[in-house]
Amino acid sequence: MTVQVLYKNMSKSSNLGVIALFTEDKFQLKKANNFLSKKEVLYVEKIVKNKIKTKENIISLNVNEKTTLILISIKNDLKSSDVENMGAEFYNFIKKNSFEDISIYTESVKSKPGKDFIGRFMHGLKLKSYEFNLYKSKKTKKIIKINLIGKQNSLFLRNKLKFKALEEGTFFTRDLVSEPGNILHPDEYAKRLLKLKKYGLKVTVYNEKKLKKLGLNALVGVGQGSIRGSYLVTIEWKGSKSNTKPLSFVGKGVCFDTGGISLKPAKFMEDMTYDMAGSAVVVGLMKNFAIRKAKINVVGVVGLVENMPGGNAQRPGDIVKSYSGKTIEVLNTDAEGRLVLADALTFTEKKFKPQLMVDLATLTGAIIVCLGSEYAGLFSNNDKLSKQLFDAGEKVDEKLWRLPLHKNYDKLMNSKNADMQNINYVGGAGSTTAAQFLQRFIINKTPWAHLDIAGMAFSKYAGALNSGGATGYGVRLLNKFVEDNYE
């Protein structure tokens, strides 16, 4: 379902069709006289009085034969994320009631909470409206038209591009995660990333031949059982005139994960199309920065592979030499994401010498056991970076919870035959030992954070700002993190 937004810079229009007014808490109509006749206000107040005990924040009623009125109650002390959630709730309401043409009076509430109330409200509405129906033979062509009627202040106009960039970045991430594995394999993924050049991004694709020559053997080993290629793709945005070191974001892009020779159970294996969600977040974030012309230097790095049990597939017990020079004994080919990230992290640190590195991956099932689908796991070697990420997550309601790293976990990953092994040989602390493994590939002590988003990237049920499926979790979080601390 498509949402079309029209802006009308006026204080009133004819009260025909479906109109929406914002009210104070509990549907108090303090400014309704500006939009309705006195007779209509008295009638509405009488109706609302009978509904005052309702727990709903949005109600509708017929004012006359030609006008349906929607009232949106604004609670006191709303955070920015609450306003976005209100917009999503409003979308659900108009969709449920089959309203197709709505006029919203943007000046209908006396004191709008927070900055750019209307912008955030519409941002939440648009995020909620996303649908992935590319492969349905019968597509819904329904358009919901929303007319924003009122004075557009300069803040709203200035932020409109920021919201648009965030939406396009988030939708791109959701599109990529939603694609089936037979369509979005590494070869196709790399081609799509090259198209981002039109936004002013510098995109460099390292194919399998180049990766082998460079020595990214941990990454290449994961994909060697597939008929598809393996790639490392760098995406650069230079939005600052100064030559400051870039921020860097690194993503795991396992386009489909069968587990390799250590084959996964058949049940729910179809969900492994979203094992590339970490890379999709990085890609959507970079597209967002380019669209809104962010005044920062940033690099995104993604490792793209397909983990298949082919005749040339990596075997349990194989030993590979990583880009860092450290050797890894691969005891379980289903612990493949950390192998991809190990080389990607070292490559990013050596080539770009970034201020900081944040990696994202659907890395462990253990993080879902630990945190469910409410928080992503945060692991870091830097307290300042951790706090910045945590605070950004709280602001946009994409929450993080920090979990420990400690040298005592290293002994669980040590190998008799190589420098380390890719699984914890005694069990327990699965997410922590995976993060501890990754930390070994931060060679120059660069501030680094690992976000395990396995429980957040995809939802079987609808969330506050998504309708189920790919969530796009991480794009808004990291954009806020950059916006608050580095722009």
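The shown structure was predicted, so the numbers you read here are calculated from the model rather than taken from an experiment.

K.L.:
Sorry if this is basic, but what is going on with the pattern of salt bridges here?
P.N.:
For side chains bearing opposite charge, pairing can occur when the charged atoms are close. According to the stated counting rule, one finds 28 salt bridges in the structure shown. Glutamate 84 is the salt-bridge partner of arginine 120, the closest N and O atoms lying 3.0 Å from each other. With arginine 120 in helix α3 (residues 117-128) and glutamate 84 in helix α2 (residues 80-96), the pair connects residues that are 36 residues apart, well separated along the chain. Overall, glutamate 84 belongs to the buried group, its relative accessible area being 4%. Here arginine 440 ties to aspartate 410 by a salt bridge, and the two come within 3.4 Å at their closest N and O atoms. Here arginine 440 is found in the loop between α12 (430-439) and β17 (448-452), whereas its partner aspartate 410 is found in the loop between β15 (400-402) and β16 (420-421), with 30 residues between them in sequence. Judged by relative accessible area, arginine 440 falls into the buried class, the value being 15%.

K.L.:
Explain the packing of aromatic side chains to me, please; I cannot follow it from the model alone.
P.N.:
Centre-to-centre distance and the angle between the planes together describe a pair of aromatic rings. Tallied over the entire structure, the rule returns 15 aromatic pairs. Centroid distance tyrosine 206 to phenylalanine 347: 5.3 Å. Interplanar angle 75°. Geometry classified as edge-to-face. Highlighted residues: tyrosine 206 in strand β7 (residues 202-206) and phenylalanine 347 in helix α9 (residues 337-352), separated in sequence by 141 residues. Through successive ring pairs, a cluster of aromatic residues spans Phe22, Phe90, Phe117 and Phe121. The ring of phenylalanine 441 is capped by lysine 326, whose NZ or CZ atom sits 6.0 Å from the centre of that ring. The ring of phenylalanine 352 is capped by lysine 351, whose NZ or CZ atom sits 5.7 Å from the centre of that ring.

K.L.:
Any chance you could explain the packing of α9 against α12 here in plain terms?
P.N.:
For any two helices packed against each other, one specifies the inter-axial angle together with the distance between the axes. Look at α9 against α12: their axes get within 9 Å of each other, and the N-to-C directions meet at 30°. Overall, the two elements α9 and α12 adopt an arrangement that is roughly parallel. When you trace α9 past α12, the crossing you get is right-handed. Touching Arg338, Leu339, Leu341, Ala342 and Leu345 of α9 are Ala434, Phe437 and Leu438, all from α12. Taken together, the residues of the contact of α9 with α12 break down into seven nonpolar, no polar and one charged.

K.L.:
Is there a simple way to explain the pairing of strand β13 (residues 356-361) in this structure?
P.N.:
The side chains of a regular strand alternate, residue by residue, between the two faces of the sheet. By the criterion of burial, β13 is predominantly enclosed, with six of the six residues buried. Neither face of β13 is exposed, since Leu356, Val358 and Leu360 on one face and Met357, Asp359 and Ala361 on the opposite face are all buried. Strand direction decides the pairing type here: strand β9 (residues 247-257) and β13, joined by five bridges, are parallel. Counted as the bridge partner of serine 248 is methionine 357 from β13. In this sheet, β17 lies alongside β13 in parallel orientation, the contact comprising five bridges. The residue of β17 that forms the bridge with alanine 361 is aspartate 452.

Conventions we followed
- Numbering of residues starts from 1 in every chain and runs along the sequence as written.
- Owing to the predicted nature of the model, reporting of local features is limited to residues with pLDDT of at least 70; listing and counting of side-chain atom pairs is limited to 80 or more, with chain, interface and lining totals taken over all residues.
- Excluding hydrogens and water, the side-chain figures rest on all heavy atoms present in the structure.
- Salt bridges are identified by distance alone: a Lys or Arg side-chain nitrogen within 4 Å of an Asp or Glu carboxyl oxygen.
- Numbering goes from the N terminus for both helices and strands, where a helix is a DSSP run of H or I of at least four residues and a strand is a run of E of at least two.
- Buried means the residue's accessible area, taken with a 1.4 Å probe over protein chains only, is under 20% of the maximum for its type, while exposed means over 50%, and partly exposed covers the values in between.
- The rule is short: rings of Phe, Tyr and Trp, with Trp giving its six-membered ring, pair when the centres are within 6.5 Å, and they are stacked under 30 degrees, edge-to-face over 60, tilted in between.
- Comment: the charge-over-ring label is applied if NZ (Lys) or CZ (Arg) is within 6 Å of the ring centre and within 35 degrees of the ring normal.
- Working convention: axes come from line fits to C-alpha atoms, limited for helices to the stretch in contact. Angles between N-to-C directions cover 0 to 180 degrees.
- Angles below 35 degrees are treated as roughly parallel, those above 145 as roughly antiparallel, those between 65 and 115 as roughly perpendicular, and all remaining angles as oblique.
- Two helices crossing with the near one rotated counterclockwise from the far one by less than a right angle form a left-handed crossing, whereas a clockwise rotation gives a right-handed crossing.
- Contacts are residue-level and defined by heavy atoms, with any inter-residue pair within 4.5 Å sufficient.
- Side-chain classes follow a simple rule in which Ala, Val, Leu, Ile, Met, Phe, Trp, Tyr, Cys and Pro form the nonpolar group, Asp, Glu, Lys and Arg form the charged group, and the remainder, Gly included, forms the polar group.
- A strand pair is defined by DSSP finding two or more bridges across the two strands.

Everything listed here is a matter of coordinates, which is why it stays silent on function.
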